[in-house]
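Examining the three-dimensional arrangement
Listed below, chain by chain, are the residues.
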Amino acid sequence: MVYLLVGLNILLLVSGQILWKLGVARDAGFKAVLASFFSPLVLAGLVLYVLATVIWLYVLAREQFSLLYPLQSLAYALGVVVAWLVFKEAVPLTRWIGVLVIMAGVALVAMK
């Protein structure tokens, strides 16, 4: 059950990041950044982060931090996949290798 909740937490975090990426203005000026705070997509991403935090607090109360925290690094790996699939970013081989290293590390940490 804990792994399922951590997986949901990761999905919510990455989904929130996707919404933030879609909601921020392309212009990097200060006014554009401030205006982005009121974007419906940015606000929806914030809601997902709040939900993720509620789940995170629940699992923190029930499982060892030394297990849970490394599991969340899967969000980084999923983020690379999202960048490739959703945002059509070119992902170099070295980054894919890094994703595999993260996944191998998580597998080792998850072994009890």
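Residues numbered from 1 in each chain as written. Predicted model: local features only at pLDDT ≥ 70, side-chain atom pairs only at ≥ 80, totals over all residues. Heavy atoms only, no water.

**Some details on the overall build of the protein chain**
Threshold: Helix and strand labels come from DSSP, where a helix needs a run of H or I of at least four residues and a strand needs a run of E of at least two; each type is numbered from the N terminus. Burial classes: relative accessible area under 20% of the type maximum marks a residue as buried, over 50% as exposed, and values in between as partly exposed (1.4 Å probe, protein chains only). Whether two residues are in contact is decided by their heavy atoms: any pair within 4.5 Å suffices. Areas reported as accessible are Shrake-Rupley estimates using a 1.4 Å probe. Residue values count occlusion only from the protein chains shown.
Counting its secondary structure elements, the protein chain contains 6 helices and 0 strands. Starting at the N terminus and ending at the C terminus, the protein chain contains elements arranged as α-α-α-α-α-α. Overall, the protein chain is about 50 × 35 × 20 Å in size when its C-alpha atoms are taken along their principal axes. Burial status across the protein chain gives 31% buried among its 112 residues. Considering only residue pairs separated by 6 or more positions, the protein chain has 69% of its internal contacts joining residues 24 or more positions apart. In the form shown here, the protein chain has an accessible surface area of approximately 7500 Å², with 76% of it arising from carbon and sulfur atoms.

**A few points about the environment of Phe-30**
When you line up the elements, Phe-30 lands in helix α2 (residues 30–36). Among the residues examined, Phe-30 registers a relative accessible area of 64% and is labelled exposed. C-alpha of Phe-30 to C-alpha of Pro-92: the two residues are 62 residues apart in sequence and 31 Å apart in space.

**Description of the packing of helix α1 (residues 2–23) against helix α5 (residues 74–85)**
What counts, and what does not: Note on geometry: axes are C-alpha line fits, over the in-contact stretch for helices, and angles between N-to-C directions span 0 to 180 degrees. Here is the rule for angles: anything less than 35 degrees is roughly parallel, anything more than 145 is roughly antiparallel, 65 through 115 is roughly perpendicular, and the remaining ranges are oblique. Definitions for this section: a left-handed crossing has its near helix turned counterclockwise from the far helix by less than a right angle. A right-handed crossing has that turn clockwise.
The contact between α1 and α5 brings their axes to 10 Å, and the two run at 45 degrees. Classed by the angle they form, the pair α1 and α5 counts as oblique. When you trace α1 past α5, the crossing you get is right-handed. Between α1, through Ile-10, Leu-11, Val-14 and Ile-18, and α5, the contact on the second element is made entirely by Leu-74, Ala-75, Leu-78 and Val-82.

**Looking at a nonpolar patch on the surface**
The criterion, for reference: The patches reported here contain residues having more than 30% relative accessible area and no salt bridge. Joining distances are 9 Å for like charges and 5 Å for nonpolar side chains (Val, Leu, Ile, Met, Phe, Trp, Tyr). The salt bridge criterion pairs a side-chain nitrogen of Lys or Arg with a carboxyl oxygen of Asp or Glu, the two atoms within 4 Å.
The grouping of Phe-30, Val-33, Leu-34, Phe-37 and Phe-38 at the surface amounts to a nonpolar patch, some 580 Å² of accessible area in total. Its location among the elements puts Phe-37 in the loop between α2 and α3 (40–60). A relative accessible area of 48% places Phe-37 in the partly exposed class.

**Comments concerning the environment of Ser-15**
Residue position: Ser-15 is located in helix α1. Along the sequence, Ser-15 and Phe-87 sit 72 residues apart, while their C-alpha atoms lie 13 Å from each other.

**Re the nonpolar core**
We apply this condition: As used here, the term nonpolar core means buried Ala, Val, Leu, Ile, Met, Phe, Trp, Tyr and Cys residues forming a set that is joined through side-chain atoms within 4.5 Å.
Val-6, Ile-10, Leu-12, Val-14, Val-59, Leu-68 and Leu-71 are the most contacted members of the largest nonpolar core, which has 20 residues in total. Elements that contribute at least two residues to this core include exactly α1, α3, α4 (65–71) and α5. Ranked by residues supplied to this core, first place goes to α1 with 9 residues. When near neighbours in sequence (up to four residues on either side) are disregarded, Leu-68 contacts Val-2, Val-6, Trp-56, Val-59, Leu-60 and Glu-63.

**Some thoughts on the packing of aromatic side chains**
For clarity, the threshold we go by: Stacked, tilted and edge-to-face are the three classes assigned to paired rings of Phe, Tyr and Trp, where Trp is represented by its six-membered ring and a pair needs centres within 6.5 Å; plane angles under 30 degrees give stacked, over 60 edge-to-face, the rest tilted. Two thresholds decide whether a charge sits over a ring: the Lys NZ or Arg CZ must be within 6 Å of the ring centre and within 35 degrees of the ring normal.
Applying the stated criterion across every chain, the model contains 3 aromatic pairs. Their ring planes at 20 degrees and their centres at 4.5 Å tell us that Trp-20 and Tyr-49 sit as a pair that is stacked. With Trp-20 in helix α1 and Tyr-49 in helix α3, this pair connects stretches of sequence that are 29 residues apart. Classification of Trp-20 as partly exposed rests on a relative accessible area of 23%. Residue classification places Tyr-49 among the partly exposed positions, given a relative accessible area of 23%. For the ring pair Trp-84 and Trp-96, a centre distance of 5.5 Å and an interplane angle of 90 degrees mean the geometry is edge-to-face. Here the residue Trp-84 occupies a position in helix α5, and Trp-96 occupies one in helix α6 (residues 93–110), the gap between them amounting to 12 residues. The cationic tip of Lys-21 hangs over the ring face of Phe-87; the distance from NZ or CZ to the ring centre is 6.0 Å. Just above the ring of Tyr-58 sits the side chain of Arg-62; from NZ or CZ to the centre is 3.7 Å.

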